[in-house]
Amino acid sequence: MSSELIGLIGIFSLFGLLAMRMYIGMAMMVVGLVGTIFITGYGPAVDLLGLLPMNESKSYNLSVIPLFILMGQFAYISGISTDIYKTVYHWMGHLRGGLAMATVLACAFFAAVSGSSLATGATMGMVAIPEMLKYKYDPRLATGCVAAGGTLGILIPPSIGFVIYGILTEQSIGKLLMAGLLPGILLSALFIMAIVILCVLKPEMGPHGPAASWSVKVRSLSGTWGMLLLFAVVIGGIYTGVFTPTEAAGIGAFGALCISLIKGKLTLSGFTLCLSETGKMTAFIFLIIIGASVFSYFLALTGLPTTLSEFMTGLPLPRGLILFAIIVAYMLLGCVMEVYSIMILTLPIIFPIIQALAFDPIWFGVMMVIVLEIGLITPPIGLNVFVLKGAAPGIEVETIFKGIWPFLAAAVLAMVMIAIFPQIALYIPSHM
């Protein structure tokens, strides 16, 4: 049996274990270990299992993950999300559909300090949905804009998704984080445009909210100082080269802690909860990374990624068509799997093909993240939708899914624009 055939059997076995609902980190570890035993024998495979987990988890670059998660936890405790929403609510709430637009902007701002799509969606759902329903917004628009806005957490820096992509592909994490900034702004603008079009076509979906006086609007800006300070320090430090991404994450976590203390929002129980949630999320991601390292080692032994790369590049097809096929495959995977799992599972196979086709790896990272964003709100899984269901228990899942279609169209349009004009993603990294 050829090593390439063993690799293919390993991939199909992995999907079989996932269909049986085995946790993806463990499934990749089991398949990688068994496949390595077939190729190298029992002794070397067991030695590998003893070495790889430690070598992977002690990497300095990986420390950026728990630090960004901790920063997001402290930012949530400090009430930054509520302050942001109140500010944009006062400035935009009087417009038709203004509360929905304010929600998208608040999601974008909170994403800039949380780094997590699920955290952004859950937090803003609890803050914004009751307010929109109070002013008779259509539940489809109220939930759809939060579900879509929540996806900005994986695109706008700091993004854990870009950190994982950078580690797996050995690309600059700093450049990846900065590459998501302009696409994040573009996608936010397109989401707002979708709301405007909806409210022009169906004014009853987003009634006018209350108008605030100029004095109230100006006073509300004081609530944004925490978010602006964190964003300026973390992203400004990375862009100027003053901090590495890991140092910026550490400074950001400490800054968020200080902000929560200054605001008097951090209790002992809250501090304990922040550490506990950070530990859970970190363990979740690290187990996937360790499992992926074992599985990737197995695939490297089979030579399957190299063979597949040579086959794909040798096809008499335009490279754009091959890229389109890869993106469609990611969209389909995003409908049924969790984002980080998809990245870690597929990049060892897909990234050599991207390199062989001479696509810019930073640009592809942005494209991949946007595709996975689409998966976060696409049936039948749509993790952001189910997280939002928990934040809005009185609204059916079907209603939320009906509300996300205009925002899906906006996300696809953003992806097409970045494909046609790659400098949208590459302009800022090229000037670092």
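Up top is the structure these notes are about.
Attention here is on the structure that accompanies the text.

Scoring rules and cut-offs
Residues numbered from 1 in each chain as written. Predicted model: local features only at pLDDT ≥ 70, side-chain atom pairs only at ≥ 80, totals over all residues. Heavy atoms only, no water. Helix = DSSP H or I, 4+ residues; strand = E, 2+ residues; numbered from the N terminus. Rg over C-alpha atoms; globule rule 2.2 N^0.38 Å. Buried < 20%, exposed > 50% of the residue type's maximum accessible area, 1.4 Å probe, protein only. Contact = heavy atoms within 4.5 Å. Axes fitted to C-alpha atoms, helices over the stretch in contact; angles between N-to-C directions. Parallel < 35°, antiparallel > 145°, perpendicular 65-115°, else oblique. Nonpolar A, V, L, I, M, F, W, Y, C, P; charged D, E, K, R; others polar. Phe/Tyr/Trp six-rings, centres within 6.5 Å; stacked < 30°, edge-to-face > 60°. Lys NZ or Arg CZ within 6 Å of the ring centre and 35° of its normal. Patch = residues over 30% accessible without salt bridge, like charges linked within 9 Å, V, L, I, M, F, W, Y side chains within 5 Å. Areas by Shrake-Rupley, 256 points an atom, 1.4 Å probe, with all protein chains shown as cover. Salt bridge = Lys/Arg side-chain N within 4 Å of Asp/Glu carboxyl O. Expected span 1.5 Å × (residues − 1). Left-handed = near helix turned anticlockwise from the far one by under 90°. Core = buried A, V, L, I, M, F, W, Y, C linked by side-chain atoms within 4.5 Å.

### Description of the overall build of the protein
In step 1: Secondary structure summary: the protein contains 23 helices and zero strands in total.
In step 2: In terms of overall dimensions, the protein is globule-like: its C-alpha atoms have a radius of gyration of 22 Å, near the 22 Å expected for 432 residues.
In step 3: Considering only C-alpha atoms, the protein reaches an extent of 75 × 50 × 45 Å along its principal axes.
In step 4: Counting only residues that meet the buried cut, the protein has 54% of its 432 residues in that class.
In step 5: Contacts spanning at least 24 positions in sequence make up 80% of the contacts within the protein whose residues lie at least 6 apart.

### Thoughts on the environment of Pro207
In step 1: Mapped onto the elements, Pro207 comes out in the loop between α11 (181–201) and α12 (214–220).
In step 2: Apart from the residues within four sequence positions on either side, Pro207 is in contact with Leu95, Arg96, Gly97, Tyr135, Lys136 and Tyr137.

### Details of the packing of helix α4 (residues 64–77) against helix α6 (residues 98–114)
In step 1: Contact geometry for α4 and α6: axes closest at 8 Å, N-to-C directions at 130°. Here α6 runs oblique to α4, going by the angle between their axes. Contacts between α4 and α6 pair Phe68, Met71, Gly72, Ala75 and Tyr76 from the former with Phe110, Val113 and Ser114 from the latter.
In step 2: Residues belonging to the contact of α4 with α6 are distributed by class as follows: six nonpolar, two polar and no charged.

### Topic: the packing of aromatic side chains
In step 1: This structure, assessed with the given rule, holds six aromatic pairs.
In step 2: With centroids separated by 6.0 Å and ring planes inclined at 15°, the aromatic side chains of Phe74 and Phe271 adopt a geometry described as stacked. Taken together, the residues Phe74 in helix α4 and Phe271 in helix α15 (residues 268–302) connect sequence positions 197 residues apart.
In step 3: What makes Phe74 buried here is its relative accessible area of 2%.
In step 4: Measuring from ring centre to ring centre gives 6.3 Å for Tyr165 and Phe351, while their planes differ by 90°; the resulting arrangement is edge-to-face. In this pair, Tyr165 is assigned in helix α9 (residues 160–169) and Phe351 in helix α18 (residues 339–356), connecting sequence segments 186 residues apart.
In step 5: Taking the ring centre of Trp214 as reference, the NZ or CZ of Lys217 above it sits at 4.6 Å.
In step 6: Between the NZ or CZ atom of Arg319 and the centre of the ring of Phe359, over which it lies, the distance is 4.2 Å.

### A few points about a nonpolar patch on the surface
In step 1: A surface patch of nonpolar side chains, amounting to about 740 Å² of accessible area, comprises Met22, Tyr23, Met26, Val30, Val34, Phe38, Ile39, Tyr297 and Leu301.
In step 2: Counting only elements with at least two residues in the nonpolar patch, the list comes to α2 (24–40) and α15.
In step 3: In terms of residue count, α2 provides more of the nonpolar patch than any other element does, five residues in total.
In step 4: Residue placement: Leu301 occurs in helix α15.
In step 5: The partly exposed category is assigned to Leu301, whose relative accessible area is 31%.

### Comments concerning α2
In step 1: Helix length check: α2, at 17 residues, gives a terminal C-alpha distance of 24 Å against a target of 24 Å (1.5 Å per residue), a fit within 8%.
In step 2: The complete set of buried residues in α2 reads Ile24, Gly25, Ala27, Met28, Met29, Val31, Gly32, Gly35 and Thr36.
In step 3: Against α1 (3–19), α3 (42–57), α15 and α18 lie the buried residues of α2.
In step 4: Where α2 ends, the next residue or the one after it, Gly41, has phi of about 105°, a positive value.

### A word on the packing of α9 against α18
In step 1: Close contact between α9 and α18 brings their axes to 10 Å; oriented N to C, the two are set at 30°. Viewed along their axes, α9 and α18 adopt a mutual orientation that is roughly parallel. Remark: the crossing between α9 and α18 carries right-handed chirality. When α9 is examined against α18, the residues Ile160, Gly161, Ile164, Tyr165, Leu168 and Thr169 are found in contact with a partner set consisting of Tyr340, Met343, Ile344, Leu347 and Phe351.
In step 2: Counted by class, the contact of α9 with α18 contains nine nonpolar, two polar and no charged residues.

### So, the pattern of salt bridges
In step 1: Following the criterion strictly, the structure yields four salt bridges and no others.
In step 2: Notably, a salt bridge pairs Glu131 with Lys134, separated by 3.4 Å at the nearest N-O pair. Placement of both Glu131 and Lys134 in helix α7 (residues 117–134) is noted, with a separation of three residues, approximately one turn of the helix.
In step 3: For Lys134, a relative accessible area of 51% gives the class exposed.
In step 4: Notably, a salt bridge pairs Asp138 with Arg140, separated by 2.9 Å at the nearest N-O pair.
In step 5: On the accessibility criterion, Arg140 (31% relative accessible area) is partly exposed.

### Remarks on the side chain of Ser188
In step 1: On the secondary structure map, Ser188 appears in helix α11.
In step 2: A residue is classified by how much of its surface remains accessible, and Ser188, at 6% relative accessible area, is buried.
In step 3: Not counting chain neighbours up to four residues away, the residues in contact with Ser188 comprise Val104, Ala108, Leu152 and Ile156.

### Topic: the nonpolar core
In step 1: If you look at the biggest cluster of nonpolar residues, it comprises 146 residues, and the most contacted ones within it are Ile65, Met132, Tyr330 and Phe364.
In step 2: What Ile65 contacts, discounting residues up to four positions off in sequence, is Ile160, Val163, Ile164, Ile167, Ile285, Phe286 and Ile289.
In step 3: Listed in part, the five residues of the second largest apolar core include Leu48, Leu52, Ile290 and Val294.

### Let's talk about unusual backbone geometry
In step 1: A cis amide bond, omega 0°, links Pro157 with the succeeding residue Pro158.
In step 2: Looking at where Pro158 falls in the secondary structure, it is placed in the loop between α8 (139–150) and α9.
In step 3: Phi is positive for Lys136, which is not a glycine, with a value near 65°.
In step 4: For Lys136, the location among the structural elements is in the loop between α7 and α8.
In step 5: The class for Lys136 is exposed, based on a relative accessible area of 64%.
In step 6: Phi at Ala358 takes a positive value of approximately 65°, unusual for a residue other than glycine.

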